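Each chain, letter by letter, is given below.
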Amino acid sequence: MVDAKGRNMKCLTFFLMLPESVKSKSSKSSKKGNASGSSKLPPVCYEIITLRSKKKKKMAADIFPTKKSAPTTTVQQYQQQNLNNNNTIQNCNWQGLYSTIRERNSVMFNNELMADVHFLVGQPGRTQRLPGHRYVLAVGSSVFHAMFYGELAENNDEIHIPDVEPAAFLAMLKYIYCDEIDLSADTVLATLYAAKKYIVPHLARACVNFLETSLSAKNACVLLSQSCLFEEPDLTQRCWEVIDAQAEQALRSEGFCDIDTQTLESILQRETLNAKEIVVFEAALNWAEAECQRQDLTSSTDNRRKVLGKAMYLIRIPTMALDDFANGAAQSGVLTLNETNDIFLWYTAAKKPEMQFVSMPRKGLTPQRCHRFQSCAYRSNQWRYRGRCDSIQFAVDKRVFIAGFGLYGSSCGSAEYSAKIELKRQGVLLGQNLSKYFSDGSSNTFPVWFEYPVQIEADTFYTASVVLDGNELSYFGQEGVTEVQCGKVTFQFQCSSDSTNGTGVQGGQIPELIFYA
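What you see is a predicted model, and the numbers here were worked out from it, not measured in a lab.

A. Spatial organisation of the nonpolar core. The biggest cluster of nonpolar side chains holds 92 residues, and the ones touching the most others in it are Phe119, Phe169, Phe281 and Ile317. The element contributing the most residues to this core is helix 14 (residues 277-294), with 10 residues. Trp383, Phe405, Phe446 and Val489 belong to the second largest nonpolar core, which has 36 residues in total.

B. View of the packing of aromatic side chains. Tallied over the full model, the rule gives 20 aromatic pairs. Measuring from ring centre to ring centre gives 6.1 Å for phenylalanine 169 and tyrosine 198, while their planes differ by 75°; the resulting arrangement is edge-to-face. Pair noted here: phenylalanine 169 is in helix 7 (residues 166-178) and tyrosine 198 is in the loop between helix 8 (188-197) and helix 9 (201-213), with a separation of 29 residues, a long-range link. Of the residues examined, tyrosine 198 reaches a relative accessible area of 3% and is grouped as buried. Each residue in the set Phe119, Phe144, Phe148, Phe169 and Tyr198 is aromatic and connected to the rest through ring pairs, giving one cluster. Note that arginine 270 overlies the ring of tryptophan 240, its terminal NZ or CZ placed 4.1 Å from the centroid. Taking the ring centre of phenylalanine 493 as reference, the NZ or CZ of arginine 372 above it sits at 5.7 Å.

C. Region of interest: the sheet that holds strand 13 (residues 483-486). One open sheet holds the 6 strands; their spatial order is 9-8-11-6-14-13, and the pairing between them is antiparallel. Edge positions in the sheet fall to strand 9 (428-439) and strand 13, since each of these pairs with one other strand and no more. For this sheet the average axis-to-axis angle between neighbouring strands, irrespective of direction, equals 25°. Alignment of strand 8 (residues 415-425) against strand 11 (residues 462-469), held across 7 bridges, turns out to be antiparallel. Across the sheet, the residue bridging to serine 418 is aspartate 469, located in strand 11.

D. Here's a closer look at the packing of helix 14 against helix 15 (residues 301-308). Put simply, helix 14 and helix 15 touch, their axes get as near as 9 Å, and they point 100° apart. Between helix 14 and helix 15, the angle is such that the two are roughly perpendicular. Within the contact between the two elements, helix 14 uses Ala284, Leu285, Trp287, Ala288, Glu289, Glu291 and Cys292 and helix 15 uses Asn303, Arg304, Val307 and Leu308. The residue inventory of the contact of helix 14 with helix 15, partitioned by class, reads 7 nonpolar, 1 polar and 3 charged.

E. Quick look at the confidence of the model for the chain. For the chain, per-residue confidence averages 83 on the pLDDT scale, and residues scoring 70 or more make up 82% of the total. With pLDDT under 50 throughout, residues 1-71 is counted as low confidence; its partners more than four residues away or in other chains account for 98 contacts. Counting contacts from residues 83-90, a segment whose pLDDT is below 50, to residues more than four positions away or on other chains yields 17 contacts.

F. Looking closely at the sheet that holds strand 1 (residues 117-121). Pairing in this open sheet of 3 strands is mixed, and the strands run 2-1-3 from one edge to the other. This sheet does not close on itself; its edge strands, each paired only once, are strand 2 (128-132) and strand 3 (158-161). Ignoring strand direction, the axes of neighbouring strands in this sheet form an average angle of 25°.

G. How the structure looks around the pattern of salt bridges. With the rule as written, the count across this model stands at 17 salt bridges. Of the charged contacts in the structure, one is a salt bridge between lysine 424 and glutamate 422, with a shortest N-O distance of 3.8 Å. Connected through salt bridges with shared partners, the residues Arg102, Lys174, Glu180 and Asp182 form a single ionic network.

H. Molecular detail of unusual backbone geometry. Despite not being glycine, asparagine 110 has its phi angle at roughly 55°, a positive value. As for its position among the elements, asparagine 110 is in the loop between helix 4 (101-106) and strand 1. With a phi angle near 65°, methionine 114 is a residue other than glycine that sits in the positive phi range. With respect to the helices and strands, methionine 114 occurs in the loop between helix 4 and strand 1.

I. Geometry of the pairing of strand 13. With burial as the criterion, only one face of strand 13 is covered, namely that bearing Val484 and Cys486; the residues Glu483 and Gln485 on the opposite face remain uncovered. Bridging between strand 13 and strand 14 (residues 489-495) involves 4 bridges; their strand directions are antiparallel. Counted as the bridge partner of valine 484 is phenylalanine 491 from strand 14. Following strand 13, the chain reverses through 2 residues before pairing antiparallel with strand 14; glycine 487 in that reversal takes a positive phi of roughly 65°.

J. Here's a closer look at the side chain of histidine 118. With respect to the element layout, histidine 118 can be found in strand 1. A polar side-chain atom of histidine 118 sits 2.8 Å from a polar atom in the side chain of glutamate 112. Side chain to side chain, histidine 118 and arginine 129 meet in a polar contact 3.4 Å long. With residues near it in sequence (within four places) discarded, histidine 118 still touches Glu112, Arg129, Leu130, Pro131, Asp157, Glu158 and Ile159.

K. Summary view of helix 10 (residues 220-229). Within helix 10, 7 of the 10 residues are buried, which leaves the element mostly enclosed by the surrounding structure. Within helix 10, the full set of buried residues consists of Ala220, Cys221, Val222, Leu223, Leu224, Ser225 and Ser227. Residues of helix 10 that are buried make contact with helix 8, helix 9, helix 11 (233-245), helix 12 (247-251) and helix 13 (261-268). Following helix 10 by one or two positions, glutamate 231 adopts a phi angle in the positive range, close to 55°.

Calculation criteria
- Residues numbered from 1 in each chain as written.
- Predicted model: local features only at pLDDT ≥ 70, side-chain atom pairs only at ≥ 80, totals over all residues.
- Heavy atoms only, no water.
- Core = buried A, V, L, I, M, F, W, Y, C linked by side-chain atoms within 4.5 Å.
- Buried < 20%, exposed > 50% of the residue type's maximum accessible area, 1.4 Å probe, protein only.
- Helix = DSSP H or I, 4+ residues; strand = E, 2+ residues; numbered from the N terminus.
- Phe/Tyr/Trp six-rings, centres within 6.5 Å; stacked < 30°, edge-to-face > 60°.
- Lys NZ or Arg CZ within 6 Å of the ring centre and 35° of its normal.
- Pairing = 2+ DSSP bridges.
- Axes fitted to C-alpha atoms, helices over the stretch in contact; angles between N-to-C directions.
- Parallel < 35°, antiparallel > 145°, perpendicular 65-115°, else oblique.
- Contact = heavy atoms within 4.5 Å.
- Nonpolar A, V, L, I, M, F, W, Y, C, P; charged D, E, K, R; others polar.
- pLDDT = per-residue confidence, 0-100.
- Salt bridge = Lys/Arg side-chain N within 4 Å of Asp/Glu carboxyl O.
- Polar contact = N/O pair within 3.5 Å; in protein donor to acceptor, adjacent residues only side chain to side chain.

Structure representation (structure tokens):
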């Protein structure tokens, strides 16, 4: 049998079964024939290319946007794998070195050996030529099966795929050949696109899981846009959860400026955005400036208003604080003189003018409270502070956003406290705030808020801490429980080594965690 390069492919199995004497004679006869020039056969091909079966996986939380040309780097890594492993197997019976079909199949990944089709992947100027094997591909994808063995199958030796990045296509091939999922922050969206296009559902699910794990306020808006494009409702819902709870951070992220117009409108009309309206307005202007650049327009006030279009009226400008409107939106230049005049009249006049802007405030999110004590008490000799730390550890069974703590106040009448609150994960500070609160002498809890809600992942313990300064005698909790069910979220509590003022699971301060879910 002769391969595509004209090399003679001998039957290795038959050759290995021959007696040693026959092998020796066959070898000598071959040498004599070559010396006399009587044999015209091409040389025997025993060159085998292998891949390392293990590769360190890289995880990353900050996915988009990225300015690096990472996909090309990934392609080079795959190519370097083959170059490094070329001719490493000297034994012609290379199949016998691997005990499973999966391992033997993995040798064929990105390998010219026995390749019967090639793919020209990527946009013109950045195209990569990648080898493939029709049978393996057809087993892994119904699209490839239809392409190679269906009723409308084509026998082209080269197939052009301009809409898929080479790195993403290689990641999909690696899954099909090696049963390995190798994702990175730089290529996961492109890999999801390839998995959707060629109907490789398990790889697509892995991509979505990767994105959900990496989801944060920085990339939630971009991923929202992509999840709608890929028709992934679960990922879309996760994105909305982050955007609603951490709206101001999401709106101020660089990724917000990269979204499409449809996604912009869906965010601006969102009823549950947990953000001040002036922040929404400023984010829309930032997006408009980026859109002007994408359309090669000068970033003038007229052009920014033009690219915003009807989305401008989704900003609830009449619900802003008067100071925010007077010092911000009114002087931005994107509102017409009539619009500015009508909004000022809306604030001050008894008879409100009719406007195109929505005048009802957003509902935002309703905070929930996890209370961990069954009762509270006070005594004449406790609870005292003097700069010491009250701390407790907790974990949840699903993602939530901690907005603040509920704290006890004075047991000796009304008093004001200064509170420094912190939230840590494995010693890393995630959020903190220094604020004051007034207690009225009752046993009620009083909220103290973080500047922004802090995202809490499931099945990991976090440390909530507070240092109080104020009236030394206050209420404290008792009969604490280790597990609390709040709606669909289960909280677990355990003592913290950071606590130097006596707070623990059974009693102390920090009776409540205030959260969004």
